[in-house]
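Coordinate inspection notes
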Amino acid sequence: MLTGEYDYLTTPADGARTAEQIRGAEFIEMKEIGHFPMSENYPRFAGYLKQALRRIEERTAS
């Protein structure tokens, strides 16, 4: 799960708590980003998205 540091609608605490309840889920807090990361700061968001995709690839590689 990705949640922006400045997201006051779905806070990082909300994201972390939700990820804890989903087997195999991971949580990443995106620093200096709010609720619409792809619109607010696409280059910063893209870095977090790539990080998440790498984690998925590592976990699913056979």
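Below, the discussion takes up the environment of Y42. With respect to the helices, strands and loops of the structure, Y42 is situated in helix α3 (residues 42–60). Through-space distance from the C-alpha of Y42 to that of D14 is 22 Å; in sequence the pair is 28 residues apart.

If you walk through the whole model with that rule in mind, you get 5 salt bridges. Across the pair E29 and K31 runs a salt bridge whose closest N-O atoms are separated by 3.5 Å. For E32, the salt bridge is made with R44, and the minimal N-O distance between the two is 3.1 Å. Here E32 is found in the loop between β2 (28–30) and α2 (37–40), whereas its partner R44 is found in helix α3, with 12 residues between them in sequence. When salt bridges that share partners are traced, they join E26, R55 and R59 into one network.

Rules of the game
Residues numbered from 1 in each chain as written. Predicted model: local features only at pLDDT ≥ 70, side-chain atom pairs only at ≥ 80, totals over all residues. Heavy atoms only, no water. Helix = DSSP H or I, 4+ residues; strand = E, 2+ residues; numbered from the N terminus. Salt bridge = Lys/Arg side-chain N within 4 Å of Asp/Glu carboxyl O.

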